[in-house]
Amino acid sequence: MSDRLFIFDTTLRDGEQVPGCQLNTVEKIEVAKALQDLGVDIIEAGFPVSSPGDFESVVEISKAVTWPTICALTRAVKKDIDVAAESLKYAKKGRIHTGIGTSYYHIHHKLNSTPEVIMERAVEAVKYAKQYVEDVEFYAEDAGRTDNEFLAKVVEAVIKAGATTVNIPDTTGYCLPTEFGEKIKFLMENVNGIHKAVISTHCHNDLGMATANTVAGIMNGARQAEVTINGIGERAGNTSLEEVVMIMKSRYQVLGIETGVNTKNIYQTSRLVSTLMNMPVQPNKAIVGRNAFAHSSGIHQDGVLKNRENYEIMDPTEVGINESAILLTARSGRAALKHRLELMGFELSKEKLDEVYEKFLKLADNKKDIRDDDIALLVGDATQQERRIKLDFLQVLTGKKLEPVAIVRLDIAGEKFDATSSGNGPVDAAIKAVKQIIHRQVTIEEFLVQAITRGSDDIGKVHMQIEYNDSIFHGFGAHTDIVTASVEAYLDAVNKLPVQV
Ligand SMILES: CC(=O)SCCNC(=O)CCNC(=O)[C@H](O)C(C)(C)COP(=O)(O)OP(=O)(O)OC[C@H]1O[C@@H](n2cnc3c(N)ncnc32)[C@H](O)[C@@H]1OP(=O)(O)O
Ligand SMILES: CC(C)C(=O)C(=O)O
Ligand SMILES: [Mg+2]
């Protein structure tokens, strides 16, 4: 049996059935081209009879895409097949995907029919499609809940009628992986002529087993997997492309099966589909979720920093993600904090690291999102007591129609100095007062006040960049009072200037 798995992407058909995920033709072409670059073998581009817009999209995708097969879905209805064939007329390689429900529910409660009639309609549809294209795929809808003996008869009949691919969908996401695997095995062993067709899986995720069922199908002989980017699709979605492809790649030693997918394009394709379809990817989604390669607890972070493979079974660059992320949280340890500090250019002694770590934990217990500027502030705070110049007192009078006035007292190496100044704003007044005490020729090059994110009682953060003798010095300050934060930032930078002798 071949060790090549065909990847049939149905993002633009099953995926696009999701409420809110509808795309216009231009957007569909963009996705189709991205799928082509990704290296999928077949793109299911739409259900042409369903609307003029979907018909038009299949036509335009057929023109735009150069090498993957373009597939159009139909019911086992002649008109659907006529319209699908018409929509594929520009496809370099076109496939008609026709089929009908085969489960007890579908035969009796949806199609109001009998197994014998369904069998006839299935064969008739395949023969009819075959008049238009050589490449005909048949789907036995709800095969997951179809009796295996009857399913085998249908599969045998449609292969005889010319189906080159037979799709065994678990339409309702009902099967257990063992059941689905056994279903495919049963067909492989009991259908005459089964090797004349490629057997395909099309699994839904209602019980979260779509990928497991797909893999079980592949392990038992299926050589086409119907998938969508990010696993989007009807209800709980379809099997996700990225999961199947990376399972084949990561577990090749066990499975021995390859796909033609250029895995380095996975992440960018996932982002494109998520953005165009306005469908966020859950953060813990395998392979493409924001946290798929992010480590946030101390023991894991320490392990990853020692050797990535301690906690990662895939290299993120293989799926187009630059690198693993080490996120700082209250569950992080010193190894992670030290790593982040080093990336930010801080080399701390063991004692200083312990001190910063204590402060970090207090902050992290109260703040979910620890950013680099928070860390910089903690480092600044930890070195505060070494500062020669400290802010001892600050009072500012300001308001509308008032000229702001600031009174400042600095503690310089234990000695107190006072100054008062006015300015065009409270910060200006306070800095001018400070400058009256510290006579250094410095210029403020950058003054950045970070937006308060939580509420009016939140800490405001200030980053100041000053220039002295052609060199740049950075200062950070944080306080619930933004004027105090600004003076602290200024003094933090000034404290870093070479001491005058
Ligand atoms: C499992 C899947 O994902 S299948 C694909 C699902 N996707 C879609 O349905 C999107 C496109 N669908 C549509 O645009 C419309 O449903 C159309 C154009 C196909 C049909 O529209 P309508 O003619 O208005 O029929 P409606 O949608 O109300 O009902 C579906 C009809 O198709 C029949 N039908 C359903 N599946 C099949 C099938 N595979 N083969 C033959 N007939 C079928 C149903 O029994 C029903 O017929 P009935 O009214 O005689 O009982
Ligand atoms: C049309 C078929 C293949 C389908 O989407 C399903 O059965 O889930
Ligand atoms: Mg489906």
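Residues numbered from 1 in each chain as written. Chains lettered and ligands numbered in written order. Predicted model: local features only at pLDDT ≥ 70, side-chain atom pairs only at ≥ 80, totals over all residues. Heavy atoms only, no water.

Naming follows an unreviewed UniProt entry, where the chain appears as 2-isopropylmalate synthase of Tangfeifania diversioriginum. Its UniProt record gives the chain a comment under Function (unreviewed entry), which states: "Catalyzes the condensation of the acetyl group of acetyl-CoA with 3-methyl-2-oxobutanoate (2-ketoisovalerate) to form 3-carboxy-3-hydroxy-4-methylpentanoate (2-isopropylmalate)." The Pathway (unreviewed entry) field of the UniProt record for the chain holds the comment "Amino-acid biosynthesis; L-leucine biosynthesis; L-leucine from 3-methyl-2-oxobutanoate: step 1/4." (UniProt positions renumbered as here; feature names shortened; annotations may be inferred.)

*Asks:* Could you give an account of the overall build of the chain, naming the residues involved and the relevant values?
*Replies:* Tallying secondary structure elements over the chain gives 17 helices and 16 strands in all. Principal axes of the C-alpha set define a box for the chain whose edges measure 100 × 50 × 40 Å. Partitioning the contacts of the chain with sequence separation of at least 6, the portion at a separation of at least 24 is 64%. For the chain, the accessible surface area stands at approximately 23800 Å², while carbon and sulfur atoms represent 50% of it. Treating the 56 positive side-chain charges of the chain as one cloud and the 70 negative ones as another, the clouds have centres 1 Å apart. (Helix = DSSP H or I, 4+ residues; strand = E, 2+ residues; numbered from the N terminus. Contact = heavy atoms within 4.5 Å. Areas by Shrake-Rupley, 256 points an atom, 1.4 Å probe, with all protein chains shown as cover. Lys, Arg positive; Asp, Glu negative; His and termini not counted. Charge placed at Lys NZ, Arg CZ, Asp CG, Glu CD.)

*Asks:* Before we move on, can you summarise the coordination of the magnesium ion (ligand 3) with the specific residues and values?
*Replies:* Donor atoms from the polypeptide that coordinate the magnesium ion (ligand 3) comprise D14 (OD), H202 (NE2) and H204 (NE2), at 2.0 to 2.2 Å from the metal. Summarised as a motif, the one-chain spacing of the donors to the magnesium ion (ligand 3) is D-x187-H-x1-H. A residue pair is termed long-range when its members are at least 10 positions apart, and D14 in the loop between β1 (6–9) and α1 (25–38) and H202 in strand β7 (residues 198–203) qualify at 188 residues. As far as the burial class goes, D14 and H202 line up, both buried. (Donors = N, O, S within 2.8 Å, 3.2 Å for Na, K, Ca; no water. Buried < 20%, exposed > 50% of the residue type's maximum accessible area, 1.4 Å probe, protein only.)

*Asks:* Would you mind going over the sheet that holds strand β11 (residues 389–397) in detail, with residue names and values included?
*Replies:* In spatial order, the strands read β11-β12-β13; together these 3 strands make up an open sheet with antiparallel pairing. Each edge of the sheet is formed by a strand with only one pairing partner; in this case those strands are β11 and β13 (415–422). Direction aside, neighbouring strands of the sheet carry axes that sit 15 degrees apart on average. Bridge count between strand β12 (residues 405–412) and β13: 8 bridges; the pairing is antiparallel. Across the sheet, the residue bridging to V405 is S422, located in β13. On the sheet, helix α16 (residues 426–437) packs against β11, β12 and β13 and is oriented at approximately 135 degrees with respect to β13. Sitting on the sheet, helix α17 (residues 482–494) is in contact with β11 and β12, with an inclination near 150 degrees to β11. (Pairing = 2+ DSSP bridges. Axes fitted to C-alpha atoms, helices over the stretch in contact; angles between N-to-C directions.)

*Asks:* So what's going on with the nonpolar core? Residues and values would help.
*Replies:* Within the largest apolar cluster, 89 residues are counted, with the highest numbers of intra-cluster contacts made by I7, I70, F138, V155, V166 and I168. Residue contributions to this core reach at least three from each of two domains, namely domain 1 (6–256) and domain 2 (294–382). Among all residues touching I70, those that are not within four sequence positions of it are I43, A45, V58, I61, S62, V65, L88, A91, K93, G94 and R95. Counting residues in hydrophobic clusters, the runner-up holds 30 residues, among them L391, A419, A430 and I466. (Core = buried A, V, L, I, M, F, W, Y, C linked by side-chain atoms within 4.5 Å. Domains from an automatic or database assignment.)

*Asks:* So what about unusual backbone geometry? Which residues, and what values?
*Replies:* At D142, a position not held by glycine, the phi torsion is positive, near 60 degrees. Structurally, D142 is set in the loop between β5 (136–141) and α6 (148–160). Notably, R235 is not glycine yet its phi reads approximately 50 degrees, a positive angle. Checked against the element boundaries, R235 lands in the loop between β8 (224–227) and α9 (241–250).

*Asks:* With reference to specific residues and values, describe the pattern of salt bridges.
*Replies:* Across all of its chains, the model carries 31 salt bridges by this definition. Between R235 and D206 there is a salt bridge, and its shortest N-O distance comes to 2.6 Å. Residue R235 is located in the loop between β8 and α9, and its partner D206 is located in the loop between β7 and α8 (210–219); the two are separated by 29 residues in the primary sequence. With its nearest N and O atoms 2.8 Å apart, the salt bridge here joins R334 to D354. (Salt bridge = Lys/Arg side-chain N within 4 Å of Asp/Glu carboxyl O.)

*Asks:* Lay out the sheet that holds strand β14 (residues 443–450) with the relevant residues and their values.
*Replies:* Spatially, 3 strands are ordered β14-β15-β16 in an open sheet, and the strand pairing comes out antiparallel. Looking at the sheet topology across the chains shown, the edges are occupied by β14 and β16 (471–479). When strand polarity is set aside, the average angle formed by the axes of neighbouring strands in this sheet is 15 degrees. Two elements, β14 and strand β15 (residues 460–468), share 7 bridges in a ladder whose sense is antiparallel. From the neighbouring strand, E446 faces β15, where its bridge partner is Q465. Of the strands in this sheet, β14, β15 and β16 touch α17, which is tilted by about 145 degrees from β16.

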